[in-house]
Structure formats: structure tokens, C-alpha cells
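Observations on the model geometry
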Amino acid sequence: MAKKLVIKVTAGADAPERCSQAFTVAAVAAASGVEVSLWLTGESSWFALPGRAAEFALPHAAPLPDLIDGIRAAGGRITLCTQCAARREITEKDVLGGVRIAGAQVFVSEIMTDGVQAVVY
């Protein structure tokens, strides 16, 4: 089993199934004891803001706020892409508690570590 799972989600309400899959995999992995790093990029960037995940709905899928809470409760890290945040005028003072804003250098550093598995949705 991988020591760490890095998931980059690019989809939001524009591709709800891909979006939900990414958050579900991250939450299940975190609950299973895997170290999880979930990166919000593109349209998923909006879910770094308070209340935005509650607006997302997909039939037969777990609610996004519950998945986010599960990831955070299990010690998973959620990161908002620097450029994606800037394009949406999102700053550190705007995001959910515990969400960091970081860029490509940090992402590459995370995925190039031994024992890391990376998945992009």
C-alpha cells in the first residue's frame, strides 16, 4: 500500500461525477489510514470556500461537505492551487480552515516522494 496518495481534482460542478469520485476516493483512503493530499484545481477550486461544497449535489453520492470533513478529520491535507486561486480572486483569508494555498513546486515535491501514488480527476 502506498504511504501517501496525492489526488488532483480539476472538475467541479462542470463534471460532477469526476468531482465526486475524487473526493470520495480521498475520503475513503484517509479513513483507511492512508496519508492523503487533495489538490483543488480548476473548477474544484470553489470548494475551498465556506459553503460552496454544500451547493454541490449528485444523486447517489455522498455530500461533499461530509467528504471534506472526513478527509480533514483523518488528517488529510487539502490544498488550493495558487494560480487557480488567483484567477478566482480567492485568498488565504477566504478559504476553509486548514486549507492551504500552494503551487506547482509543492505539488511536484509531493508526487516525487518515494511511496507516493498520484491520481488526477
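Our subject is the structure listed above.
The next point concerns the overall build of the protein chain. Helices and strands together make up the secondary structure of the protein chain, namely four helices and five strands. The N-to-C order of helical and strand elements in the protein chain reads β-α-β-α-β-α-β-α-β. Relative to its length of 121 residues, the protein chain is compact, with a C-alpha radius of gyration of 13 Å against a globular reference of 14 Å. Dimensions along the principal axes, computed over C-alpha positions, put the protein chain at roughly 35 × 35 × 25 Å. For the protein chain, with 121 residues in total, the buried portion stands at 42%. Sequence separation of 24 or more characterises 70% of the internal contacts of the protein chain that already satisfy a separation of 6 or more. Per element, the accessible surface of the protein chain, about 6,400 Å² overall, is 53% carbon and sulfur. Counting 11 positive and 12 negative side-chain charges, the protein chain places the averaged centre of each group 5 Å from the other.

Our next topic: the sheet that holds strand 1 (residues 4-9). Overall, parallel pairing links the five strands, which are arranged 4-3-2-1-5 in an open sheet. Where the open sheet ends on each side, the last strands, each with one partner, are strand 4 (100-102) and strand 5 (116-120). Strand-to-strand, the axes of this sheet are offset by a mean angle of 25°, without reference to chain direction. Two strands pair when backbone bridges link them, and strand 1 and strand 2 (residues 35-40) are joined in this way by six bridges, in the parallel orientation. For Lys 8, the partnering residue across the bridge sits in strand 2 and is Trp 39.

So, about unusual backbone geometry. A positive phi angle, near 65°, is found at His 60, a position not held by glycine. Take His 60: it is sitting in the loop between strand 2 and helix 2 (64-73). Within the chain, Glu 89 stands out as a residue other than glycine whose phi angle is a positive 55°. Looking at the secondary structure, you find Glu 89 in the loop between helix 3 (82-87) and strand 4.

This paragraph deals with helix 1 (residues 16-31). The terminal C-alpha atoms of helix 1 lie 22 Å apart, and with 16 residues this matches the ideal 22 Å at 1.5 Å per residue to within 8%. Among the residues making up helix 1, those that are buried are Cys 19, Ser 20, Ala 22, Phe 23, Ala 26, Ala 27, Ala 29 and Ala 30. Against the buried residues of helix 1 lie strand 1, strand 2 and helix 2. Immediately beyond the C-terminal end of helix 1, within one or two residues, lies Gly 33, with a positive phi of roughly 95°.

What counts and how
- Starting from 1, residues in each chain are numbered consecutively following that chain's sequence as written.
- Confidence filtering applies because this is a predicted model: local features only for residues at pLDDT of at least 70, side-chain atom pairs given and counted only at 80 or more, and all residues used for totals across whole chains, interfaces and linings.
- Side-chain numbers come from the whole structure's heavy atoms, not from hydrogens or water.
- Secondary structure elements are taken from DSSP: a helix is a run of H or I of four residues or more, a strand is a run of E of two residues or more, and numbering for both begins at the N terminus.
- We take the radius of gyration over the C-alpha atoms and set the globule estimate at 2.2 Å times the residue count to the 0.38 power.
- Burial status follows relative accessibility: with a 1.4 Å probe on protein chains alone, a residue under 20% of its type maximum counts as buried, one over 50% as exposed, and anything between as partly exposed.
- Working rule for contacts: check all heavy atoms of both residues, and any pair within 4.5 Å makes them a contact.
- Per-residue and other accessible areas were derived by the Shrake-Rupley procedure at a 1.4 Å probe size, with only the shown protein chains allowed to occlude residues.
- In this tally Asp and Glu are treated as negative and Lys and Arg as positive; neither His nor the chain ends contributes.
- Throughout, a charge is located at the NZ atom of Lys, the CZ atom of Arg, the CG atom of Asp or the CD atom of Glu.
- Think of it this way: DSSP has to see at least two bridges between two strands before they count as a pair.
- Under this scheme, a helix contributes an axis fitted over its contacting stretch, all axes are lines through C-alpha atoms, and angles between N-to-C directions fall in the 0 to 180 degree range.
- Take the number of residues in a helix, subtract one, and multiply by 1.5 Å to get its expected span.

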